[in-house]
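So you can see what is in the structure, the chains are spelled out below.
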Amino acid sequence: MHAPDRQKLLSALRTRFREAWGDPAPRCFFAPGRVNLVGAHLDYNGGDVLPMAVDRGVYAAARLRSDGRIRLCSLDQKLVVEVDGAEVGQRTRPEWGWAGYPLGVWHTYGKHTGRHAGVDFVFGGDLPIGAGLSSSAAIEVATAVALDTLHGTGLDRPQLALLAHRAENGFVGLRCGIMDQFASALGRPGQVLWLHCSGPRWEHVPFDGKACEVLVMDTRKPRLLAKTGFNERVAQCAKAHEVLRAQVRDLPHLADYAMHDLELARDAMDDVLYRRARHVIGEMARLDRGVVALRSGDFRALGQVLNESHRSTAVDYEVSCDELDVITAAARACDGVFGARLTGAGFGGCAIALVAPGRATEVAQQVGIAYRARFGTEANFDLLRIGNGPGEVG
Ligand code: GLA
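Residues numbered from 1 in each chain as written. Predicted model: local features only at pLDDT ≥ 70, side-chain atom pairs only at ≥ 80, totals over all residues. Heavy atoms only, no water.

*Asks:* How would you summarise the domain arrangement of the protein chain if you had to cite specific residues and measurements?
*Replies:* Domain assignment breaks the protein chain into domain 1 (6–31 + 55–187) and domain 2 (213–384). With centres defined by C-alpha atoms, the gap from domain 1 to domain 2 works out at 29 Å. Counting residues at the interface gives 12 residues for domain 1 and 15 residues for domain 2. Note on domain 1 versus domain 2: buried area summed over both sides is about 1,100 Å², and carbon and sulfur give 56% of it. Where domain 1 packs against domain 2, one counts one salt bridge. (Domains from an automatic or database assignment. Contact = heavy atoms within 4.5 Å. Buried area = accessible area lost by both parts, 1.4 Å probe. Salt bridge = Lys/Arg side-chain N within 4 Å of Asp/Glu carboxyl O.)

*Asks:* Account for the sheet that holds strand β3 (residues 51–65), naming residues and giving values.
*Replies:* Spatially, β5-β4-β6-β3-β1-β13 is the arrangement adopted by the six strands of the open sheet, whose pairing is mixed. The sheet is open, and its two borders are formed by β5 (81–84) and β13 (391–393), each paired with just one other strand. Direction aside, neighbouring strands of the sheet carry axes that sit 30° apart on average. Relative to β5, strand β4 (residues 69–74) runs antiparallel, the two sharing four bridges. Note on β5: the bridge partner recorded for arginine 71 is glutamate 82. Set on the sheet, helix α3 (residues 135–151) makes contact with β1 (27–36), β3, β6 (118–125) and β13; between it and β1 the angle comes to about 145°. (Pairing = 2+ DSSP bridges. Helix = DSSP H or I, 4+ residues; strand = E, 2+ residues; numbered from the N terminus. Axes fitted to C-alpha atoms, helices over the stretch in contact; angles between N-to-C directions.)

*Asks:* I'd like a rundown of the nonpolar core, residues and numbers included.
*Replies:* With 103 residues, the main nonpolar core has Leu37, Leu50, Leu72, Leu103, Phe121, Phe207 and Met269 as its most contacted residues. The leading source of residues in this core is helix α8 (residues 271–295), at 10 residues. Discounting chain neighbours no more than four positions away, the residues touching leucine 103 are Ile70, Leu72, Val81, Val83, Val88, Trp96 and Phe171. By size, the runner-up hydrophobic cluster in this structure holds 21 residues, among which are Ala330, Val337, Leu342 and Ala379. (Core = buried A, V, L, I, M, F, W, Y, C linked by side-chain atoms within 4.5 Å. Buried < 20%, exposed > 50% of the residue type's maximum accessible area, 1.4 Å probe, protein only.)

*Asks:* Give a description of the packing of helix α2 (residues 100–113) against helix α4 (residues 157–172) that names residues and reports values.
*Replies:* Two quantities define a packed helix pair, namely the angle between the helix axes and the distance between the axes. At a minimum axis separation of 8 Å, α2 and α4 run at an interaxial angle of 115°. Judged by the sense of rotation from one axis to the other, the crossing of α2 with α4 is right-handed. Judged by residue contacts, Gly100, Tyr101, Leu103, Gly104, Val105, His107, Thr108, Tyr109 and His112 of α2 engage Gln159, Leu163, Ala164, Arg166, Ala167, Glu168, Phe171 and Val172 from α4. Looking at side-chain class alone, the contact of α2 with α4 contains nine nonpolar, six polar and two charged residues. (Left-handed = near helix turned anticlockwise from the far one by under 90°. Nonpolar A, V, L, I, M, F, W, Y, C, P; charged D, E, K, R; others polar.)

*Asks:* Got a sec to walk through the environment of methionine 217? Specific residues and values, please.
*Replies:* Among the secondary structure elements, methionine 217 is positioned in strand β9 (residues 213–218). Given the relative accessible area of 0%, methionine 217 is considered buried. Sequence separation between methionine 217 and histidine 116 is 101 residues, and the spatial gap between their C-alpha atoms is 41 Å. For methionine 217, the residues in contact, after removing those within four places along its chain, are Ile327, Thr328, Ala331, Ala340, Gly349, Cys350, Ala351, Ile352, Ala353, Val367, Asn380 and Phe381.

*Asks:* Pulling in residues and values, what's your account of the pattern of salt bridges?
*Replies:* Tallied over the entire structure, the rule returns 26 salt bridges. The shortest N-O distance in the salt bridge between arginine 233 and glutamate 232 comes to 2.7 Å. The exposure class assigned to arginine 233 is buried, which follows from its relative accessible area of 5%. The salt bridge involving aspartate 261 is made with arginine 249; its shortest N-O contact spans 2.8 Å.

*Asks:* Pulling in residues and values, what's your account of the state of the cysteines?
*Replies:* What the rule picks out here adds up to zero disulfides. No disulfide involves cysteine 176; its sulfur sits 11 Å from the nearest other cysteine sulfur, which is in cysteine 197. Given a relative accessible area of 8%, cysteine 176 falls into the buried group. A disulfide-free cysteine, cysteine 212 has its sulfur positioned 14 Å from the sulfur of cysteine 334, the nearest such atom. The class for cysteine 212 is buried, based on a relative accessible area of 1%. (Disulfide = S-S within 2.5 Å.)

*Asks:* Can you tell me about the packing of aromatic side chains, naming the residues and giving the values?
*Replies:* In total, this model carries nine aromatic pairs according to the counting rule given. With centroids separated by 4.9 Å and ring planes inclined at 45°, the aromatic side chains of phenylalanine 30 and tyrosine 59 adopt a geometry described as tilted. Remark: tyrosine 59 occurs in strand β3 and phenylalanine 30 occurs in strand β1; sequence separation between them is 29 residues. Of the two residues, phenylalanine 30 and tyrosine 59, neither departs from the other in class, the shared state being buried. (Phe/Tyr/Trp six-rings, centres within 6.5 Å; stacked < 30°, edge-to-face > 60°.)

*Asks:* Give me the lowdown on the site of the ligand, citing residues and values where you can.
*Replies:* Lining the immediate environment of the ligand, one finds Arg34, Ala40, His41, Asp43, Tyr44, Cys176, Gly177, Met179, Asp180, Phe230, Gly344 and Ala345. A distance of 3.0 Å is found between an oxygen atom of the ligand and a backbone nitrogen or oxygen belonging to glycine 177. Residue aspartate 180 places a side-chain N or O atom 2.6 Å away from an oxygen atom belonging to the ligand. Here the ligand, which alone exposes 310 Å², has 94% of that area covered by the protein. Shared between two domains, the shell around the ligand takes at least three residues from each, and those domains are domain 1 (6–31 + 55–187) and domain 2 (213–384). (Near = heavy atom within 4 Å. Polar contact = N/O pair within 3.5 Å; in protein donor to acceptor, adjacent residues only side chain to side chain. Areas by Shrake-Rupley, 256 points an atom, 1.4 Å probe, with all protein chains shown as cover.)

*Asks:* I'd love a proper account of the pairing of β9, names of residues and values included.
*Replies:* Taken across its six residues, β9 has six buried, putting it largely inside the fold. Residues Glu213, Leu215 and Met217 point to one face of β9 and Val214, Val216 and Asp218 to the other, with burial holding for every one of them. As paired elements, β9 and strand β11 (residues 350–355) share six bridges and run antiparallel to each other. Considered in β11, the bridge of leucine 215 is made with alanine 353.

Written as structure tokens, this is what we have:
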């Protein structure tokens, strides 16, 4: 559990930039990843979520070019992409790999502002990639902030979040909600974002880091089915919503219904749709309890909400897996743990545990032993703090 060295990372980024793209020196930008405390899979259902930006994220070194070429490389990935901006269409291409995210933002930003200058980029970061901590939203928001700053277009943070979200939905093709991009763009130290996704509207709620710490437990199980499984859940929820509208009453979002509405429509849906909707409607009620607990600093009650949320995502929403179930159960069995659940989309990746201050190292050790005994592999543990929002760094 060692915090990475920011200055080292920034200097590696600059060195790589000079090697790859030469002088003059770039400007450097940062956008955070996030963990979501409660509100699993509610954003694309018009519900509320409770994410916090973390003190890890993605760094982008960037410099505008006078032609329309875009060149992208990364400290962590082998693939280097060079493309003429005129060739960047509505959709990413398989050969662009990870670079599809920043290219999508470049494309969307160009459409929005009419600025299509080329850019040289180098990316790096201190978040585990593709593990449910929103590395993709962080790279999108870092790109959006870089373009906005370099061009001096003065977009505000919600606009940057919406641009990033549009890039992921349209260009990359993941039908995600707005949570990750808003959590990254609107992050504030010491505060959790209470985001009402249907507006969107939001407010910040203080999180007392002296009373509770957030331990991230990375199963290191790759989220192979994440994209197809995710889009399938989005489609199932849309179907359940259709049935509720036709059979019970017409409300704008699935998250707006009450449990008794769902019972009235039960015979008109199959068991899978029923359970998906039960998760969404139940999670909205849990979220309300979570906000009350957070506001009153009652981390035991908040932890209980996390435990219930995990059970529902596992049983009704079916986005958990053995690794996430085992790691969260092992955490709950430790002294000083208030609660634990998977974070992000699920299907592998990370879980979080809310832990009493001073207990994290021991909890990580005990959970690590249980995890190794069961799967024969090592999990990773990190104590994350609530971080800054995005901006220029260094
Ligand atoms: C992913 C998506 C988000 C959200 C979560 C699940 O992180 O990108 O929009 O739906 O999964 O809560």
